[in-house]
Amino acid sequence: MQWQPHVALIGWLVPGLGHFLAGQRRRGLAIGIAILGLWTMGLLLGGISVVDHHDAQASVKERRLSLWFLGQALVGPTIPVDLYLQHLKHKSVAEFGDLPRPGDYPAPFYGPAFGRMAELGILYTALAGLLNLLAMIDLVYGDPRRGEGEKSSGGDAALCDSPLNKEAGV
């Protein structure tokens, strides 16, 4: 096995692209659709504010890092989305003096998510990050010879060559 950290970095930036470039096109497509679909669904459910690196429970003076964001950051597009969210928050504070609260509709630049939809959005985006971590581990420690054109060792060809099948006359 060959250690491949560069394809894992590419797989972090765009989920599925690392597998695609490593020659595992179907796997890369499936991983990309699954992870980006889950991540996008989280953003659609909870809005852009689910990808905030600040802990919502901390006081304004503390502003500690959210543990959920650590999972979300395992998907590359999370970082630019968080930077854009921070830009919107600063723009809102500069123009209106405060962040929008529940009931302030229409919100000046963005509406933070509240309740179950925010929780679901945070959960979906964090799960997408953890799935992407598994995909990156597969890229780093996976067999580089495993590609689309080669038969896998556990496929139908391996079943035909099995000693049990030879004894049975298969």
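Here is a short report on the structure shown in this document. Numbers given for residues are sequential positions, taken from 1 along each chain in its written order. With the structure being a predicted model, the display of local features is reserved for residues of pLDDT at least 70 and the display and counting of side-chain atom pairs for 80 or more, all residues being used for whole-chain, interface and lining totals. Side-chain measures were taken over the full set of non-hydrogen atoms in the model, leaving aside hydrogen atoms and water.

On to helix H1 (residues 5-13), then. Type-normalised accessible area, obtained with a 1.4 Å probe on protein chains alone, sets the label of each residue: buried when under 20%, exposed when over 50%, and partly exposed for intermediate values. Only runs of H or I of at least four residues qualify as helices and only runs of E of at least two qualify as strands under DSSP, and these elements are numbered from the N terminus. Every buried residue belonging to H1 is among Val7, Ala8 and Gly11, and all of these are buried. End-on view of H1: buried residues confined to an arc of 105°, all on one side of the axis. Exposed side chains of H1 directed beyond 90 degrees from the buried face belong to His6 and Leu9. When checking whether two residues touch, look at their non-hydrogen atoms; a contact exists if any pair is within 4.5 Å. Residues of H1 that are buried sit in contact with helix H2 (17-21) and helix H6 (115-141). Here, the arc refers to the directions that run from the helix axis to the C-beta atoms.

Attention now goes to the environment of isoleucine 48. Position of isoleucine 48 relative to the elements: it lies in the loop between helix H3 (25-46) and helix H4 (67-72). C-alpha separation for the pair isoleucine 48 and tyrosine 84, spaced 36 residues apart in sequence, amounts to 8.9 Å.

Checked against the element boundaries, glycine 71 lands in helix H4. Of the residues examined, glycine 71 reaches a relative accessible area of 11% and is grouped as buried. Taking the C-alpha atoms as reference points, glycine 71 and isoleucine 122, 51 residues apart in sequence, are found 9.6 Å from one another.

One finds Ile31, Ile35, Trp39, Leu43, Val50, Val51, Phe69, Ala73, Val75, Val81, Ala128 and Ala135 forming the largest nonpolar core, which totals twelve residues. Those elements that provide at least two residues to this core are H3 and H6. It is H3 that contributes the most residues to this core, four residues altogether. Filtering out sequence-adjacent residues up to four positions away, valine 75 remains in contact with Trp12, Pro15, Ile35, Trp39, Ala128, Gly129 and Asn132. Counting five residues, the second largest nonpolar core, distinct from the first, contains Ala8, Met136, Leu139 and Val140. Residues belong to one nonpolar core when they are buried, are Ala, Val, Leu, Ile, Met, Phe, Trp, Tyr or Cys, and are joined through side-chain atoms within 4.5 Å.

What follows covers the side chain of threonine 125. Within the secondary structure, threonine 125 sits in helix H6. Any pair of nitrogen or oxygen atoms within 3.5 Å is treated as a polar contact; in protein, a donor-acceptor pairing is required on top of that, and neighbouring residues in sequence qualify only through side-chain atoms on both sides. Of note is the side chain of threonine 125, whose polar atom sits 3.0 Å from the backbone oxygen of isoleucine 122.

Relative to the 32 Å expected for 22 residues at 1.5 Å per residue, H3 spans 31 Å between its end C-alpha atoms, a close match to the ideal helical length. Here H3 has its buried residues at Gly28, Ile31, Gly32, Ile35, Trp39, Gly42, Leu43 and Gly46. Here the buried residues of H3 occupy an arc of 110° about the axis, which is enough to place them on one side. Turned more than 90 degrees from where H3 packs its buried face, Arg26, Leu29, Ile33 and Leu44 sit exposed. Where H3 terminates, the next one or two residues include glycine 47, which has phi positive at roughly 85°. One less than the number of residues in a helix, times 1.5 Å, gives the span that helix is expected to have.

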